[in-house]
Amino acid sequence: GQEMRRKAQLHWKVPIMPTFRDPALRIAVVTICAYPPGHPLVLPKLTPSNRDAYTSRHGYTLRMHLEPPVLGAHGLGLQHAKLATGLAYL
């Protein structure tokens with residue numbers, strides 16, 4: 001409640017255009033699209049092209065993993081491995 005009001009007030013005091021991009025920022029999208037073969041969802045076919053289009057449009061770097069993450073995540077469950085993979089890029 002109070003935090004949301006503070007952010008809303010700040011937005012009116014310092015408006016920032018939605019199209020603003022700071023070229024000094026380095027932004028990457030780290031994503032994992034690791035589904036087992038024959039998975040019934042269409043996500044493995046759609047996600048890579050969607051992520052590529054999004055990052056290209058905004059000038060971001062894409063780090064997509066098409067296999068289960070292992071970066072710093074040996075022995076961790078998939079949800080914790082996602083966190084470890086993201087941390088590996090920081």
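Residues numbered from 1 in each chain as written. Predicted model: local features only at pLDDT ≥ 70, side-chain atom pairs only at ≥ 80, totals over all residues. Heavy atoms only, no water.

## Remarks on the overall build of the chain
For the chain, the helix and strand inventory stands at three helices and two strands. Tracing the chain from N to C terminus, the helices and strands come up as α-β-α-β-α. What you see for the chain is a C-alpha radius of gyration of 18 Å, clearly larger than the 12 Å of a compact globule of 90 residues, by over 25%. Seen along its three principal axes, the alpha-carbon backbone of the chain occupies a region of about 50 × 30 × 30 Å. If you take every contact in the chain between residues at least 6 apart in sequence, the share linking residues at least 24 apart comes to 52%. Total accessible area computed for the chain in this model is approximately 7,700 Å², and 61% of it derives from carbon and sulfur atoms. (Helix = DSSP H or I, 4+ residues; strand = E, 2+ residues; numbered from the N terminus. Rg over C-alpha atoms; globule rule 2.2 N^0.38 Å. Contact = heavy atoms within 4.5 Å. Areas by Shrake-Rupley, 256 points an atom, 1.4 Å probe, with all protein chains shown as cover.)

## Section: helix H3 (residues 78–88)
Those residues of H3 that fall on the buried side of the exposure criterion are Ala81, Ala84 and Thr85. On an axial view of H3, the arc spanned by its buried residues comes to 105°, and they lie on one face. In H3, the exposed positions angled more than 90 degrees off the buried face are occupied by Gln79, His80, Leu83 and Leu87. Lining the buried residues of H3 we find strand E1 (28–32) and strand E2 (61–65). (Buried < 20%, exposed > 50% of the residue type's maximum accessible area, 1.4 Å probe, protein only. Arc of directions from axis to C-beta.)

## Observations concerning the side chain of His65
Residue position: His65 is located in strand E2. Side chain to side chain, His65 and Tyr89 meet in a polar contact 2.9 Å long. (Polar contact = N/O pair within 3.5 Å; in protein donor to acceptor, adjacent residues only side chain to side chain.)

## A short note on the pairing of E1
Only one face of E1 is covered, namely the face carrying Val29 and Thr31; the face carrying Ala28, Val30 and Ile32 is uncovered. Here E1 runs beside E2; their pairing, made up of five bridges, is parallel. Directly across from Val30, in E2, lies its bridge partner Arg63. In this region the chain leaves E1, passes through helix H2 (residues 43–58) and returns to the parallel neighbour E2; the handedness of that crossover is right-handed. (Pairing = 2+ DSSP bridges. Right-handed = clockwise from strand over helix to strand, strands pointing away.)

## Side note on the side chain of Thr55
Checked against the element boundaries, Thr55 lands in helix H2. Residue Thr55 is classed as buried on the basis of its relative accessible area of 2%. Engagement of the side chain of Thr55 in a polar contact is seen with the backbone oxygen of Asp52, the distance being 3.2 Å. Every residue in contact with Thr55, bar those within four places of it in the chain, is listed here: Val29, Tyr60, Thr61 and Leu62.

## Topic: the confidence of the model for the chain
Low pLDDT means the predicted atomic positions in that stretch should not be read closely. In this model, the chain carries a mean pLDDT of 82, and residues with pLDDT of at least 70 account for 90%. Averaged over each element, pLDDT in the chain is lowest for helix H1 (residues 2–13) (78) and highest for E2 (92). (pLDDT = per-residue confidence, 0-100.)

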